[in-house]
Amino acid sequence: MQYFYFFIFAFLNLFLFRKLAKKIHLVDRPNERKKHVGVIPLVGGISIYTTIIVALWLEPDLLVNADVYVLCSSVLVMMGAIDDKYDVDYRVRLVVQILISCAMIFAAGLSLKSLGHILFGYEVDLGPLGYIVTIFAVLGAINAFNMVDGIDGLLGGLTMVTFGALSYIHYADGQLPLARFCLLMMIVVVPYICLNLGFPFGVRKKVFMGDAGSMLIGFTVIWVLLQGTQGPKAQMNPVTALWLIAIPLMDMTCIMVRRIRKGVSPFKPDREHLHHICLRAGLSSHQALVVICGTAALLAIVGIALEYGAVPEWISLLLFALVFVLYYQLLNNIWRILARIKPKTASESN
């Protein structure tokens with residue numbers, strides 16, 4: 001019953017904040033990259049943040065060092081909201097994210113100490129190098145979920161996949177507080193997905209997540225992953241985390257590699273993400289949503305199966321690397337493939 005109240009609270013927050021957003025012009029406007037109609041309030045993340053903060057105030061034991069999480073997420077959401085309104089330089093965002101990473105490491109004691117037994121059965125202990133790797137992991141998670149937010153429902157859908165898988169793993173391993181937190185994240189994201197997709201009030205009540213929300217989700221994902229994979233009470237293998245965030249992680253990496261190869265900044269926006277490719281290939285927005293989220297769910301299921309099938313961690317890593325290479329090659333050759341299937345679509349993309 002308590003989760004039902006949080007669901008209602010998150011829904012009411014959306015309506016409250018969307019009115020406020022219009023008054024202070026915290027809205028997304030159409031441009032050459034954004035093809036939506038009209039101005040859309042960027043309040044999805046603020047609504048989720050507010051609901052999560054209230055939940056942790058009532059049940060602080062859901063997360064380790066919940067006070068540090070609240071502080072870090074508050075700074076990120078504030079930074080994201082400022083970025084949504086004023087378009088802050090990416091270097092400023094990176095500095096803030098690095099500082100947040102350091103707070104996670106030194107104030108909350110969460111860092112990547114071990115990569116698991118991925119070296120043919122031998123454990124890779126990072127030692128002091130773990131601090132640097134943790135910072136890159138935090139930056140990667142935050143920006144992966146930020147970059148994937150490109151079509152209606154996609155960020156919300158991928159959030160449901162990741163936290164659904166995490167909730168199952170933690171519940172199966174008896175880590176009920178963490179499992180309940182993951183379930184809470186799913187519940188408070190549902191109202192956003194509904195309004196983002198225009199259900200049940202139509203496009204006139206539409207909202208977007210905004211950078212505040214996408215960065216919050218990415219940060220929360222890496223927080224839960226570190227809590228779940230590191231230390232004596234670790235519930236899952238570190239390599240399994242890759243499978244649970246496979247689509248955002250692979251999409252971000254491939255995009256950055258392509259941008260660097262073109263000689264442009266890896267943080268320069270473009271329309272070459274997986275969802276853009278799906279749309280240019282002829283899929284509707286809803287079809288692309290189903291395909292991408294379905295693929296993400298399938299990969300998460302594979303990761304869970306490898307985890308509970310007692311498959312050696314190095315084999316799981318090898319299989320993920322194979323999936324990543326196939327994904328990269330597929331995206332690099334997608335128009336040649338489509339040219340054989342739909343010549344018109346391929347010619348239009350060039």
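All of these numbers come straight from a predicted model, not from anything done at the bench.

**Q** Can you walk me through the overall build of the protein chain in this structure?
**A** When its secondary structure is counted, the protein chain shows 15 helices and two strands. Relative to the 2.2 N^0.38 estimate, which gives 20 Å for 350 residues, the radius of gyration of the protein chain is 20 Å and therefore close to what a compact globule would have. Dimensions of the protein chain, computed from the C-alpha atoms along their principal axes, are close to 50 × 50 × 40 Å. Within the protein chain, the fraction of its 350 residues that count as buried is 52%. Surface accessibility of the protein chain: about 16,400 Å² in total, with carbon and sulfur atoms responsible for 68%. Counting 28 positive and 21 negative side-chain charges, the protein chain places the centres of these two groups 12 Å from one another.

**Q** Where do I start with the pattern of salt bridges in this structure?
**A** Opposite charge on two side chains lets them pair, provided their charged atoms get close. Overall, the coordinates contain four salt bridges when judged by the stated rule. Glu-59 is the partner of Arg-180 in a salt bridge, and the nearest nitrogen-oxygen pair spans 2.4 Å. Linking Arg-180 in helix α7 (residues 176-196) with Glu-59 in the loop between α2 (44-58) and α3 (66-86), this pair joins segments that are 121 residues apart in sequence. Assessed through its relative accessible area of 19%, Glu-59 is described here as buried.

**Q** Is there a simple way to explain empty space enclosed by the protein in this structure?
**A** Over the atoms rolls a probe the size of a water molecule, and in doing so it shows where empty space is left. In the structure shown here, the tally under the stated rule is one cavity of 30 Å³ or more. Empty space within the largest cavity amounts to approximately 40 Å³. Lining the largest cavity are Leu-158, Val-161, Thr-162, Trp-243, Leu-244, Ile-245, Ala-246, Ile-247, Pro-248 and Ala-296. For the lining of the largest cavity, a count of residues per class yields nine nonpolar, one polar and no charged.

**Q** Would you mind going over a nonpolar patch on the surface with me for this structure?
**A** A surface patch of nonpolar side chains, amounting to about 570 Å² of accessible area, comprises Phe-106, Leu-129, Tyr-131, Ile-132 and Phe-136. For the nonpolar patch, the element with the highest residue contribution is helix α5 (residues 129-147), accounting for four residues. Looking at the element boundaries, Tyr-131 is found in helix α5.

**Q** In this structure, what is going on with the layout of surface pockets? I would like to understand it.
**A** Here the second largest pocket is characterised by a volume of approximately 430 Å³. Elements that contribute at least two residues to the lining of the second largest pocket include exactly α5, α8 (210-229) and α9 (238-244). Split into classes, the residues belonging to the lining of the second largest pocket amount to 18 nonpolar, two polar and no charged.

**Q** Explanation requested: the packing of α5 against α8 in the structure shown.
**A** Packed helices, taken two at a time, are described by their axes: the angle between them and the distance between them. Look at α5 against α8: their axes get within 7 Å of each other, and the N-to-C directions meet at 140°. Judged by the angle between their axes, α5 and α8 are oblique. Crossing handedness for the pair α5 and α8: right-handed. Between α5 and α8, the residues in contact are Thr-134, Ala-137, Val-138, Ala-141, Ile-142, Phe-145 and Asn-146 and Asp-211, Ser-214, Met-215, Ile-217, Gly-218, Phe-219, Val-221, Ile-222 and Leu-226, respectively.

**Q** Can you help me understand the packing of aromatic side chains in this one?
**A** Where two aromatic rings form a pair, the distance of their centres and the angle of their planes describe that pair. Under the criterion given, the structure shown has twelve aromatic pairs. Summarising the aromatic geometry, the rings of Tyr-69 and Trp-223 are spaced 5.4 Å apart at their centres and angled 75° between planes, so their arrangement reads as edge-to-face. A residue pair is termed long-range when its members are at least 10 positions apart, and Tyr-69 in helix α3 and Trp-223 in helix α8 qualify at 154 residues. Both residues of the pair, Tyr-69 and Trp-223, count as buried.

**Q** Please explain α2 as it appears in this structure.
**A** Working note: α-helix, 3.6 residues per turn, so residues spaced by three or four point in the same direction. Under the 1.5 Å per step criterion, the end-to-end length of α2 is 22 Å for 15 residues, consistent within 8% with the ideal 21 Å. Of all 15 residues in α2, eleven are buried, a share of seventy percent or more. Gly-44, Gly-45, Ile-46, Ser-47, Ile-48, Tyr-49, Thr-50, Thr-51, Ile-52, Ala-55 and Leu-56 are the residues of α2 that are buried. Looking at the buried side of α2, the elements it contacts are α1 (2-24), α3, α7 and α8.

**Q** Help me understand the side chain of His-170 in this model?
**A** Examined against the element boundaries, His-170 turns out to sit in helix α6 (residues 154-172). Residue contacts for His-170: discarding those within four places in its chain leaves Gln-175, Leu-176, Leu-178, Ala-179, Cys-182, Val-224, Gly-228 and Gln-235.

Parameters at a glance
Residues numbered from 1 in each chain as written. Predicted model: local features only at pLDDT ≥ 70, side-chain atom pairs only at ≥ 80, totals over all residues. Heavy atoms only, no water. Helix = DSSP H or I, 4+ residues; strand = E, 2+ residues; numbered from the N terminus. Rg over C-alpha atoms; globule rule 2.2 N^0.38 Å. Buried < 20%, exposed > 50% of the residue type's maximum accessible area, 1.4 Å probe, protein only. Areas by Shrake-Rupley, 256 points an atom, 1.4 Å probe, with all protein chains shown as cover. Lys, Arg positive; Asp, Glu negative; His and termini not counted. Charge placed at Lys NZ, Arg CZ, Asp CG, Glu CD. Salt bridge = Lys/Arg side-chain N within 4 Å of Asp/Glu carboxyl O. 1 Å grid on protein atoms, 1.4 Å probe; cavity = no way out; pocket = protein on both sides within 12 Å on 5 of 7 lines; lining within 4 Å. Points joined across faces, edges and corners; volume = space filled by probe spheres on them. Nonpolar A, V, L, I, M, F, W, Y, C, P; charged D, E, K, R; others polar. Patch = residues over 30% accessible without salt bridge, like charges linked within 9 Å, V, L, I, M, F, W, Y side chains within 5 Å. Axes fitted to C-alpha atoms, helices over the stretch in contact; angles between N-to-C directions. Parallel < 35°, antiparallel > 145°, perpendicular 65-115°, else oblique. Left-handed = near helix turned anticlockwise from the far one by under 90°. Contact = heavy atoms within 4.5 Å. Phe/Tyr/Trp six-rings, centres within 6.5 Å; stacked < 30°, edge-to-face > 60°. Expected span 1.5 Å × (residues − 1).

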